[in-house]
Structure formats: C-alpha cells, structure tokens
Amino acid sequence: MLTRPISEGNLLTEHNVHQNYRPDVDGLRAIAILGVLGYHAFPGEVPGGFLGVDVFFVISGYLISTIIFRSLEQKKFSFAEFYAHRIRRIFPALILVLIVSLLVARNVMLPNEFAVFGRHAAAGAGFVENFVLWRESSYFDVATTLKPLMHLWSLAIEEQFYLVFPIISWLAWRTRIKWPLLVAAIGLISFLVYVFSSPISAFFSPLGRAWELMLGAACACLAPKTLAPKSAGRSFYGSSFSILGLFLIGLSFFGSLTTSLFARPVLINVMATLGTALLILSGPAVSLNRFLLSTRPFVFVGLISYPLYLWHWPIFSFWTIIEGKSIDLTSRVLAVSLSLALAWLTFQFVEYPIRTNKRAKFRLATGLAGFMALAVALGLTAGRWGRHYDANIQKIIDAWDFAGYPEPPGAFHDPKYNFVSWRANTENKILLIGDSHAEQYINAIVASLNSSADRPSPQLMFYSVMSRFGIPQDLLNKIANDQAITRVVVSYFWSIKYGSPKIDYEIRCCGTGLFQTVGTKGGSSPSENEMRSLDAELEQLLTALRRDGREVDVILDNPFGSDLAPRSLVRRNILSGIQINAGVALSRAEAIERTEPYRSRVREIATRVGARVIDPMDSLCNDTGCPAITSDGFPVLKDYDHLSLSTLIHHVGYLNFLR
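Draft legend 1. Up close: the state of the cysteines. Taken as a whole and assessed by the stated rule, the structure comprises one disulfide. Paired by a disulfide, Cys-621 and Cys-626 hold their sulfur atoms 1.9 Å apart. Between Cys-621 and Cys-626, the S-S torsion sits near 95 degrees, and that sign places the bridge as right-handed. By the burial criterion, Cys-621 is buried, and Cys-626 matches it. The thiol of Cys-219 is not disulfide-bonded; the next cysteine sulfur, from Cys-221, is found 9.1 Å away. Residue Cys-219 is classed as buried on the basis of its relative accessible area of 2%.

This is the structure we're talking about:
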C-alpha cells in the first residue's frame, strides 16, 4: 500500500513556511515523468516527451519560491532548515541509485568505460553533471544512450537553483526589491540567453534554463491572488486556464507527430512551460485538476516521480550496454515495469521514512551529505577499484582505441613536398595516397621497410586526400613527373567514398566504448551518374600516376562491420562481468558483398589503367570466413572498419613486397 501523500505542507517545521498540499501538483508531476518515460521508451510515439523535464522545472520553481517568498515575508526563513530539507528530500534516493549504478557499471563496463562512468557518477553526486555533459558535447562524444547517469543534468540545474536562489531572494528582500521585479529580471535575462545561445549551451546552462524556474516563481507571486476564495477554481477563468494548460502540454509532447512546426525548440519549450504555469495557477479546485490530476493513479505516479526519474534512465542505458544494441519493444516494456517497481520501493522504504523523520532532521542531513561525499569519492576513484581482466580480454580492450595510430619513429617532412615521411631516400620514394584507410598502413609499411635494414630501402611519403579523389593539378603534375617516386600506393575506404548505404554510419566512428552516434544516417544508393563521376575522377588520377610506367598499387577495402568490431567480441553480464564472445566471424561472401558494387568498379578501373590490385580479403579471410580475432588473440579491427595495430604489424603480409 502506498503511504499517504506528502508534501512540504505535511512536515511540521520550526521556521520556514510551507505550502499546503496540492494533490493536483503531484498529478502534474505524473504528466511530466510519464512524458519523459514515454519519450525514452517509445520516442516515435511521444516525440516531445523529453519536455517533461521542463514541466518539472516550472513545478520546482513554483514550490521552492513559495517557501522562500512566504518565509521571508513572515520573517521565518532559515537557510539551515531550507538546505537540510532539500538534502533529506533529494539525497536518499540519489545516493541509492548512484551506489547501485556504480556496482552494475563495474561488471558491465570495460575498465576505461568504468573510469569515465565514475567521473559522471561523481559529477552527479556533486550536482555538476550538466557542466560535464556540456564540456563533453562534441563530434567525438559517446552516444547519450551509453551514459547511464546523463539524466542527472536536470537534477544538477535544480540543485544549483536551490543553492543560489534563496541567497538572491534574501538579498532582494533585504534591499526591498519586489518579488515580481526580481523574477521578471532573472527570467528575461535567462530567456534571452536561452534563445541566443548555441543549442548545447542553452540546453545545459543553468542560466539558460533559469527562465523556466522563474516561470514557476512567477506562479508563486500570482498564486495568492488567483487562488483566493472569491476566485476559486470553479470559475470560468480557472477552468479555461486548466484546459488550455493541459492542451499546451499535450501539444508539446505530441505536436511534432502532425507537423514540423512543433519541432522548433523554443516554441515547444514555451508551450510546455506555459501550459504548466496555467495548470498551477488554475488552482486545485477546478474540475480538470480535481477530477483528473488529483485522482489516485495520477497522485501515485506523481509521488514516485522523483525515484522513477532517477531509476528509469540507468535501467534503459545499462540494458542497452549489455545487449550491445538498441533494445527491442519487449525489453523496453520490461524496463518501464522495473523502473516503476524500483521507484515504488525506493519511495516507500527510503525516501518517505527519511523525509518524514522530524526528530533528527539535521543529523540526518549531515549524514546524508557524508554519504554523498563518499559517492563522489567512489566515482573519482572508479579507475582504481574497477574490475581487472585477463590478458585475452585485455587485448580486446586495448584494441578499442579511436585515438589514432601511433606515429612510427623517425618521421620528417620531405623538403620537396612537405609530406610526412620516413627513411629518407632522395632517389627512391614510395608515395602513399588516400584517407584513413591509407594512413592505417603507415605502421605496417614502415615496419616492413625497417626489416630490410641490410639494404637501402625506399622513402615512404604519405599524402592525405579526404575529399573524393581530387589532387590539385599542379601537385599531380609534379608527382607524375618526379622520377624519384617509383611507386604509388592508393588506398581509400572505397565503400564510404562511393556513399554505400551498406555502411552503418551511426556507429562506425568516432568515440570510445560500445557504439557512437555521429554524422548522418546512410541514405539511398548513389545514382549511376554519381558513381560514373567518381569512376572518372579515379581513372584520371590513376592514369596520371601511371605515367612513364610507374608502379601503382590499389588496395581494396578490408573486411568491416560492427560484427567484427571489438565491441562485438565481448559479452557483458551483470553478474559475471566481461567475457570473450568466442567464435565471432563473418563469411567471406558476406564481407565481399558489403563492398559491392564499388569493389568491382575500383578493381576494373585499376586493371584497365595497368595498376596492381591488392585484395586484403585474400590475407585476412580464409575458406571458413573472415575471423574477428587473429591467431594470437588480438582483434582484427580496432573499430568499425580500421585494422588494429597488431593486425597491421603482424598479419598484413600483402604489403611485404614494398621492402
């Protein structure tokens, strides 16, 4: 059985004035958390559900400002009591979720992932997660799905508000600044910051979010008038406010299903927050608030909304991490059910007993602050007390490195071309041209050249060409006419150059951990005209390089795919930890099919101009398929499509002819 509803008004206090309990506000909390839960579980059906966080901001601004304003006006405000009450309200459930999350993460995350998670746990416990996520937001950031504590950014902003706003309000009260003026000034400045800042800054900045809290504070200023007995909730205006408010929230949650107009951030934020304010101001007695928001189901969800918010995202995120992919419908429904169960248990046996303990409230607050400091320490030292794995698993962990390949020693810049080079030889040079799929071979080629130290070896030069196949004409002529360049090796990720839709663009690049969402999704196959244009560019390049019979080698795509990436080589278990996923392999036929038709087009062009074609599949695959792990236990790939350093040094025999 759910314990009776509680609110600020249920707790007898010595100083601060608390508002009488409003069940409709708990009902409004239910709408907010159901929106957030719906968005994370069923984003296609509740595309604007994330705005439930904005609804929470308005509610918090209203409740906290009511306490502060009334207490100051009656000269009963106590900072110590205010902060102690916030600690008893916020800390217990959060400490529980953080400790459980750290223990789960220790088993299901790789050591480097767990160290990063620990920093987020410390930031969550220190209420600065919004700043950490703000700093991390970039092209190379890990997908939010893989950050089990990223939802604590909103709690951090609320706590920053709780810390600063009482002091600002006290100073305003001491200098006789009226509440409406204070709220309007902060709200206006904040809204301008929100509108004119970058999307990331506006999202995570406490100043950019303060206008939503100030909208709640404005409700605290207006509520004594709108809720006066003579204008009680059954009035026409009160009912109109409540209906319009619920309509605006619903429109912000679901409006983008019908028109892109409601996908505009500022518009939907204003709709959600204004709708919340109207529902608050309409009062608890209006029909909609009394017969819908104040009903037992809504109040029940509202009462557990805080622990439900805390639990739901770690459950969704850890489930995704363990599965190694986005979870299916059945798993999402189970995740929602588990979230509800844990939220009720947390409220019933952790949050409620501590909140309602009136005898030792300051000692409880002190103890909870100590436990939160312990959570910070555990997070910051996660790299030290995380699990350690055997050498075979460590090989897989070490391979998953997007930082780039180490540069072989002895690098210099060729004085004629300014290309980065190795092993100076003015009369015999090899030029390596291409994108990162050419760069990956530098270590292998240098190692091969170094193995022939008993005789003069060619100089290796690398020229990076990231956009299509074009080389400036004057540079191309210079290279083509240089007799010292005896061989040119051309290597690209041909499938991506041709825009292959078979590449999973969302997970191929560029973070750490499981998978990463960057760039854009792959579109449809390139048109025949587009491919012919690329064919012509490539043939023109190879023909120019082949001038005077120079040797030109074209390296085709190596096997690639998420099923060969190191993340697919481990199983994550909440109890037993990380284990090797043995037997992972890709059939040779499927590996080749992923590269078609671009593989055949490049081969045909190279053959036509007299270039030598090198097929990595011949060395990296066998009759049974393309294995994900080499014979010495190292992953073949280091990510979605690049070869691991171990593979390049020890298993790329198809470049030994360059010695």
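Draft legend 2. Representation of a nonpolar patch on the surface. A grouping of Leu-188, Leu-192, Val-195, Phe-196 and Val-266 is seen on the molecular surface, where their side chains present a nonpolar patch of about 470 Å² in accessible area. With respect to the secondary-structure elements, Leu-192 resides in helix H7 (residues 179-196).

Draft legend 3. View of the packing of helix H3 (residues 79-108) against helix H4 (residues 111-125). Contact pair H3 / H4: the axes reach a minimum separation of 10 Å and the direction vectors enclose 175 degrees. Taken together, the axis directions place H3 and H4 in an arrangement best described as roughly antiparallel. Counted together, Leu-94, Leu-98, Ser-101, Leu-102, Ala-105 and Arg-106 of H3 and Phe-114, Phe-117, Ala-121, Gly-124 and Ala-125 of H4 form the full contact between these two elements. Of the residues contributing to the contact of H3 with H4, the split by class is eight nonpolar, two polar and one charged.

Draft legend 4. Looking closely at the packing of aromatic side chains. Per the stated rule, a full pass over the model turns up 32 aromatic pairs. Ring plane angle 40 degrees and centroid distance 4.5 Å describe the contact between Trp-153 and Phe-203, whose orientation is recorded as tilted. Within this pair, whereas Trp-153 is found in helix H6 (residues 152-174), its partner Phe-203 is found in helix H8 (residues 199-204), the two being separated by 50 residues in sequence. The exposure class of Phe-203 is partly exposed, given its relative accessible area of 31%. For the ring pair Phe-419 and Tyr-463, a centre distance of 4.8 Å and an interplane angle of 25 degrees mean the geometry is stacked. Placement of the pair is Phe-419 in the loop between strand E1 (412-413) and strand E2 (420-422) and Tyr-463 in strand E4 (residues 459-464), with a sequence separation of 44 residues. We classify Phe-419 as buried; its relative accessible area is 7%. You can call Tyr-463 buried: its relative accessible area is 17%. Chaining the aromatic ring pairs together yields one cluster made of Phe-69, Phe-161, Tyr-162, Phe-165 and Trp-179.

Draft legend 5. Structural detail: the pattern of salt bridges. Throughout the structure, instances matching the rule amount to 23 salt bridges. Note that Lys-429 and Asp-414 form a salt bridge whose closest N and O atoms lie 3.0 Å from each other. Taken together, the positions of Lys-429 in strand E3 (residues 429-434) and Asp-414 in the loop between E1 and E2 put the pair 15 residues apart, joining distant regions of the chain. This pair shows no difference in class: Lys-429 is buried, exactly as Asp-414 is.

Draft legend 6. Molecular detail of the pairing of strand E5 (residues 485-491). Taking burial as the measure, the seven residues of E5 include six buried ones, the bulk of the element. With six bridges connecting them, E3 and E5 associate as parallel partners. In the sheet register, Lys-429 faces E5, and the bridge partner there is Ile-485. Pairing of E5 with strand E6 (residues 551-555) involves five bridges; the strand directions are parallel. Residue pairing across strands places Val-490 opposite Val-554, the latter belonging to E6.

Draft legend 7. Local environment of the pairing of E6. Burial analysis of E6 places four of its five residues in the buried class, which makes it a mostly covered element. Two elements, E6 and strand E10 (residues 612-614), share three bridges in a ladder whose sense is parallel. Each bridged residue has a counterpart across the sheet, and for Asp-553 the counterpart in E10 is Arg-612.

Draft legend 8. Spatial organisation of the environment of His-413. With respect to the helices and strands, the residue His-413 is situated in strand E1. Separated by 48 residues in sequence, His-413 and Met-461 place their C-alpha atoms 8.5 Å apart. Sequence-distant contacts of His-413, defined by excluding residues within four places in its chain, comprise Asn-418, Phe-419 and Val-420.

Draft legend 9. Inspection of the nonpolar core at higher detail. If you look at the biggest cluster of nonpolar residues, it comprises 107 residues, and the most contacted ones within it are Leu-94, Leu-98 and Phe-117. The element that contributes the greatest number of residues to this core is H3, accounting for 14 residues. In this structure, Leu-98 is in contact with Ala-121, Ala-125, Leu-149, Leu-152, Met-372 and Ala-375, ignoring residues within four places of it in sequence. Leu-110, Ile-442, Ile-578 and Ile-592 belong to the second largest nonpolar core, which has 42 residues in total.

Draft legend 10. Spatial organisation of helix H18 (residues 391-399). Every buried residue of H18 is listed here: Ile-393, Ile-396, Ile-397 and Ala-399. Taken down its axis, H18 places every buried residue within 165 degrees of arc, on the same side. With respect to the buried face of H18, the exposed residues turned more than 90 degrees away are Ala-391 and Asp-398. Along its buried surface, H18 packs onto H4, strand E7 (570-573) and strand E8 (577-580). The distance from a side-chain oxygen at the start of H18 to the backbone nitrogen of Asn-392 is 3.2 Å, and the residue carrying that oxygen is Asp-390.

Draft legend 11. Highlighting the side chain of Glu-129. Secondary-structure assignment places Glu-129 in helix H5 (residues 129-136). The side chain of Glu-129 is buried and forms no salt bridge, while Lys-147, the nearest opposite charge, is found at 6.8 Å. Setting aside its immediate chain neighbours within four residues, Glu-129 contacts His-120, Ala-123, Gly-124, Leu-149, Met-150, Leu-152, Trp-153 and Ala-156.

Draft legend 12. Focus on the environment of Arg-659. As for its placement among the helices and strands, Arg-659 is situated in the segment after helix H27 (645-650). Taking the relative accessible area as the measure of exposure, Arg-659 reaches 44% and is therefore partly exposed. Between the alpha carbons of Arg-659 and Val-446 there is a distance of 9.1 Å; along the sequence they are 213 residues apart.

Draft legend 13. Spotlight on the confidence of the model for the chain. Residues of the chain with pLDDT of at least 70 account for 90%, and the chain-wide mean is 88. Here H18 stands out as the element of the chain with the lowest mean pLDDT, 81, in contrast to helix H13 (residues 296-303), whose mean of 98 is the highest. For the stretch residues 6-13, pLDDT sits under 50, and the model shows 28 contacts to residues farther than four places along the chain or on other chains.

Draft legend 14. Spotlight on unusual backbone geometry. In this chain, Glu-596 is followed by Pro-597 through a cis amide linkage whose omega measures 0 degrees. You can see Pro-597 is positioned in the loop between helix H24 (588-595) and helix H25 (598-609). Phi at Lys-75 takes a positive value of approximately 55 degrees, unusual for a residue other than glycine. A positive phi angle, close to 65 degrees, is found at Arg-176, a residue other than glycine.

Draft legend 15. Molecular detail of the sheet that holds E1. With respect to topology, seven strands assemble into an open sheet ordered E1-E2-E4-E3-E5-E6-E10, the strand pairing being mixed. Two strands lie at the open edges of the sheet, namely E1 and E10, each paired on one side alone.

Rules used throughout
Residues numbered from 1 in each chain as written. Predicted model: local features only at pLDDT ≥ 70, side-chain atom pairs only at ≥ 80, totals over all residues. Heavy atoms only, no water. Disulfide = S-S within 2.5 Å. Buried < 20%, exposed > 50% of the residue type's maximum accessible area, 1.4 Å probe, protein only. Patch = residues over 30% accessible without salt bridge, like charges linked within 9 Å, V, L, I, M, F, W, Y side chains within 5 Å. Areas by Shrake-Rupley, 256 points an atom, 1.4 Å probe, with all protein chains shown as cover. Salt bridge = Lys/Arg side-chain N within 4 Å of Asp/Glu carboxyl O. Helix = DSSP H or I, 4+ residues; strand = E, 2+ residues; numbered from the N terminus. Axes fitted to C-alpha atoms, helices over the stretch in contact; angles between N-to-C directions. Parallel < 35°, antiparallel > 145°, perpendicular 65-115°, else oblique. Contact = heavy atoms within 4.5 Å. Nonpolar A, V, L, I, M, F, W, Y, C, P; charged D, E, K, R; others polar. Phe/Tyr/Trp six-rings, centres within 6.5 Å; stacked < 30°, edge-to-face > 60°. Pairing = 2+ DSSP bridges. Core = buried A, V, L, I, M, F, W, Y, C linked by side-chain atoms within 4.5 Å. Arc of directions from axis to C-beta. Polar contact = N/O pair within 3.5 Å; in protein donor to acceptor, adjacent residues only side chain to side chain. Lys, Arg positive; Asp, Glu negative; His and termini not counted. pLDDT = per-residue confidence, 0-100.

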